Amino acid sequence: MKGESGFTFRPGRVGEGALLHDTAMHSVRAFCSTHYGTYFIETWMAGFDRDIYEPGIAAEKLIVAEDAGATVGFVEWASGRILRLYVT
């Protein structure tokens, strides 16, 4: 689905855990680096497993945002709450 912004929004696809993990890492590094040191960010993100995104994908509760075919963010929700929201 093409949004008004020109971004494309689509459901996450099974097997995209590594791609989503990389997107989340890029987002955290970009937006948190002015408040937290590299060591803290890398230690925090080391605890994230690439497979944590797969249940949301399987449940059809994860939407990926793309710009010109490149992943630029995603959101995952459950029970009316946002669980993860990352943008680059």
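Scroll up to find the structure this text is about.
Report on the accompanying structure. (Residues numbered from 1 in each chain as written. Predicted model: local features only at pLDDT ≥ 70, side-chain atom pairs only at ≥ 80, totals over all residues. Heavy atoms only, no water.)

## Remarks on a nonpolar patch on the surface
Put simply, the rule reads: Note on patches: the residues involved have over 30% relative accessible area and no salt bridge, like charges join within 9 Å, and the nonpolar side chains Val, Leu, Ile, Met, Phe, Trp and Tyr join within 5 Å. Using a 1.4 Å probe, the Shrake-Rupley method yields the accessible areas, and only the shown protein chains count as cover for residues. Each reported salt bridge corresponds to a side-chain nitrogen of Lys or Arg within 4 Å of a carboxyl oxygen of Asp or Glu. The secondary structure listing takes helices from DSSP runs of H or I that are at least 4 residues long and strands from runs of E that are at least 2 residues long, numbered from the N terminus. Categorising residues by exposure relies on relative accessible area from a 1.4 Å probe, with only protein chains included: less than 20% of the type maximum marks a residue as buried, more than 50% marks it as exposed, and the intermediate range marks it as partly exposed.
Together, Phe31, Ile82, Leu85 and Val87 make up an exposed nonpolar region whose accessible area comes to about 420 Å². No other element matches strand β4 (residues 81–87), which puts three residues into the nonpolar patch. Tracing the backbone shows Ile82 in strand β4. Since its relative accessible area comes to 58%, Ile82 is described here as exposed.

## Here's the deal with unusual backbone geometry
Backbone geometry at Ala68 places phi at a positive 55°, although glycine is not the residue there. With respect to the secondary-structure elements, Ala68 resides in the loop between β2 (62–67) and β3 (70–78). Although it is not a glycine, Ser79 adopts a positive phi angle of roughly 50°. Since its relative accessible area comes to 74%, Ser79 is described here as exposed.

## Side note on the pattern of salt bridges
Two side chains carrying opposite charge are able to pair once their charged atoms lie near each other. As enumerated under the stated definition, the model contains five salt bridges in all. Across the pair Glu66 and Arg10 runs a salt bridge, and its minimum N-O distance is 3.0 Å. Placement of Glu66 in strand β2 and of Arg10 in strand β1 (residues 8–11) is noted, with a sequence separation of 56 residues between them. Judged on exposure class, the residue Glu66 and its partner Arg10 are both buried. Between Asp22 and Arg50 there is a salt bridge, and its shortest N-O distance comes to 3.3 Å. Highlighted residues: Asp22 in helix α1 (residues 17–32) and Arg50 in the loop between α2 (38–46) and α3 (54–58), separated in sequence by 28 residues. When its relative accessible area of 44% is taken as the criterion, Asp22 is described as partly exposed. Overall, Arg50 belongs to the partly exposed group, its relative accessible area being 38%.

## What to know about the packing of aromatic side chains
Worth spelling out the cut-off: Two rings belonging to Phe, Tyr or Trp (six-membered ring only in the last case) form a pair when the distance between their centres is within 6.5 Å. Interplanar angles under 30 degrees mark stacking, angles over 60 mark edge-to-face geometry, and anything in between is tilted.
In this structure the tally under the stated criterion is four aromatic pairs. Aromatic pair Tyr36 and Phe40: ring centres 4.9 Å apart, planes at 20°, arrangement stacked. Given the relative accessible area of 43%, Tyr36 is considered partly exposed. The interplanar angle of 90° and the centroid separation of 5.8 Å between the aromatic rings of Trp44 and Phe48 together place this pair among those described as edge-to-face. Using a relative accessible area of 38% as the deciding quantity, one classes Trp44 as partly exposed. Grouped by ring-pair contacts, the aromatic residues Tyr53, Phe74 and Tyr86 constitute a single cluster.

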